[in-house]
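In case you want the letters, here they are:
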Amino acid sequence: MSYTEIGEFFRYPKHTFNIRELQLTYEGPIKHHLLAFESPLVTPYAENNTSYFHWYEPMKRSNLALLVIHGWRGSDRSWHETKIAWHGAKLGFNTVVPCLPYHGRRTPKGAMPGIYFFGSPDEKRSINAFRQSIMEFMVIADWGESMGWQWGVIGTSLGGILLNTLMGVDPRYKWGVSIVGGAHIHRIVWEGVLGLAVRYYLKKRGLTKKDYLYILDDYAKFLDELDHTGKLPQTRWLWYYVDPLTYARYNSPRKVVLINGLFDPIIPRRVIKEFSQRAHPSAVIWLPAGHFGVIMAAPITIYWMLKFLKYKLSE
């Protein structure tokens, strides 16, 4: 089955998006552009319907490009992502840092950043936030295609989960580094500490662990049918359509390095094993740390990640 067919859930009208520059500043020798376009997925929230991204332009013209995806309740101006972007541009990458739906300036009035993306009771809104993110990353790749860019991608936490879906549905993102990301969203919600609020709401609606075990079994059957038919099965559980595990075998062996924590209470080790069995990543690196400990170690690993991606994309 082709990428086009397997990624149908994320398709959007292929017209030219009006990507406009809002601001240009200089950070030392690096040109820093703030750009925007209208999102291909329209939501009921006006603030969320404009997609923003930062482009750190290298000093010399280059066809290397890097998408940097921030985590849940982070922002496109977080220290972690800004550091990666600036160093990436110094190494010759056209580095792009998008603002995820319902984060930063895209947060609806009266809401907390990121909560409408994940953490609220509105399941459909959260699924559409995942879907909207992937569609916008595809629009950014369309924009880069006109300049002949070769894309790599780095994602952290929620950004790593999105990365693992993106690389399964868009072959233009050739190499990636997932930092404390994962797959199998249902397991992350039910077994990780981040899902406590969502589990509380689900239990108030009468859902129990028995229902969770039923969903695990149903998702396994969904994946089996997908493997046998090559087509996305119909299901009422729309989370299946955004889960990285669904698309793991459509870019396998996957040119991605997974960096995770041995003691991470948010991303259970089991989900990394499940994803690895389907995607066959280039490497899995376990650090003796929890979720935020791995992120805090980023200053040590940033330069290595960038050099690795530059080498691989230049082959």
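First, a word on scope: everything that follows refers to the structure included in this document. Because the structure is predicted, anything quoted here is derived from the model rather than measured.

### Quick word on the pattern of salt bridges
Right, on to step 1. Under the criterion given, the structure shown has twelve salt bridges.
Right, on to step 2. Ionic pairing is found between Glu191 and Arg187, a salt bridge with its closest N-O pair at 2.8 Å. Taken as a pair, Glu191 and Arg187 lie in helix H5 (residues 185-191) at a separation of four residues, close to a single helical turn.
Right, on to step 3. Between Lys221 and Asp217 there is a salt bridge; the shortest N-O distance is 3.2 Å. Taken together, the residues Lys221 and Asp217, both in helix H7 (residues 209-229) and four residues apart, mark about one turn of the helix.

### Here we look at the packing of aromatic side chains
Right, on to step 1. Taken as a whole, this structure holds 25 aromatic pairs when the rule is applied.
Right, on to step 2. Aromatic pair Trp151 and Tyr173: ring centres 5.4 Å apart, planes at 50°, arrangement tilted. Of the two residues, Trp151 sits in strand E6 (residues 150-156) while Tyr173 sits in strand E7 (residues 173-179), which places them 22 residues apart along the sequence. Of the two residues, Trp151 and Tyr173, neither departs from the other in class, the shared state being buried.
Right, on to step 3. Ring geometry for Trp304 against Phe308: centres 5.6 Å apart, planes inclined by 15°, an arrangement best described as stacked. Separated by four residues within a single helix, Trp304 and Phe308 lie in helix H10 (residues 298-313), roughly one turn from each other.
Right, on to step 4. On the accessibility criterion, Phe308 (18% relative accessible area) is buried.
Right, on to step 5. Over the ring of Tyr116 we find Arg125; its NZ or CZ atom is 3.6 Å from the centre of that ring.

### Overview of the sheet that holds strand E3 (residues 50-57)
Two strands in a sheet stick together by hydrogen bonds in their backbones, pointing the same way (parallel) or opposite ways (antiparallel).
Right, on to step 1. Here nine strands make up an open sheet; going across it, the order is E1-E2-E3-E5-E4-E6-E7-E8-E9 and the pairing mixed. Each edge of the sheet is formed by a strand with only one pairing partner; in this case those strands are strand E1 (20-27) and strand E9 (283-287). Each strand axis lies, on average, 20° off the axis of its neighbour in the sheet, ignoring direction.
Right, on to step 2. Along the sheet, H10 makes contact with strand E4 (64-69), E6, E7, strand E8 (256-261) and E9, crossing E7 at roughly 165°.

### Structural notes on the side chain of His80
Right, on to step 1. Within the secondary structure layout, His80 lies in helix H2 (residues 79-90).
Right, on to step 2. Setting aside residues up to four positions removed in sequence, His80 forms contacts with Thr156, Ile179, Ile295 and Ala298.

### Overview of helix H4 (residues 158-169)
An α-helical turn contains 3.6 residues, so a residue and the one three or four places further along point in the same direction.
Right, on to step 1. Over its twelve residues, H4 extends 17 Å from the first C-alpha to the last, a length consistent with the 16 Å expected when each residue adds 1.5 Å.
Right, on to step 2. Most of H4 sits inside the fold, with twelve of its twelve residues counted as buried.
Right, on to step 3. Where H4 is concerned, the buried positions are Leu158, Gly159, Gly160, Ile161, Leu162, Leu163, Asn164, Thr165, Leu166, Met167, Gly168 and Val169.

### Concerning the packing of H2 against H10
Right, on to step 1. Where H2 contacts H10, the axes come no closer than 10 Å and their chain directions differ by 35°. Two packed elements cross with a definite hand, and for H2 against H10 that hand is right-handed. Across from Trp79, His80, Lys83, Ile84, His87 and Gly88 in H2, the residues of H10 making contact are Ala298, Pro299, Ile302 and Leu306.
Right, on to step 2. Considering only residue class, the contact of H2 with H10 consists of six nonpolar, three polar and one charged.

### Focus on the environment of Glu27
Right, on to step 1. Within the secondary structure, Glu27 is located in strand E1.
Right, on to step 2. The class for Glu27 is partly exposed, based on a relative accessible area of 23%.
Right, on to step 3. Sequence-wise, Glu27 and Glu38 are eleven residues apart; in three dimensions their C-alpha atoms are separated by 27 Å.
Right, on to step 4. Other than its neighbours up to four places away in sequence, Glu27 contacts His32, Tyr56, Arg77 and Trp86.
Right, on to step 5. Within polar-contact distance, the side chain of Glu27 engages the side chain of His32 at 2.8 Å.

Cut-offs used in this document
Residues numbered from 1 in each chain as written. Predicted model: local features only at pLDDT ≥ 70, side-chain atom pairs only at ≥ 80, totals over all residues. Heavy atoms only, no water. Salt bridge = Lys/Arg side-chain N within 4 Å of Asp/Glu carboxyl O. Helix = DSSP H or I, 4+ residues; strand = E, 2+ residues; numbered from the N terminus. Phe/Tyr/Trp six-rings, centres within 6.5 Å; stacked < 30°, edge-to-face > 60°. Buried < 20%, exposed > 50% of the residue type's maximum accessible area, 1.4 Å probe, protein only. Lys NZ or Arg CZ within 6 Å of the ring centre and 35° of its normal. Pairing = 2+ DSSP bridges. Axes fitted to C-alpha atoms, helices over the stretch in contact; angles between N-to-C directions. Contact = heavy atoms within 4.5 Å. Expected span 1.5 Å × (residues − 1). Left-handed = near helix turned anticlockwise from the far one by under 90°. Nonpolar A, V, L, I, M, F, W, Y, C, P; charged D, E, K, R; others polar. Polar contact = N/O pair within 3.5 Å; in protein donor to acceptor, adjacent residues only side chain to side chain.

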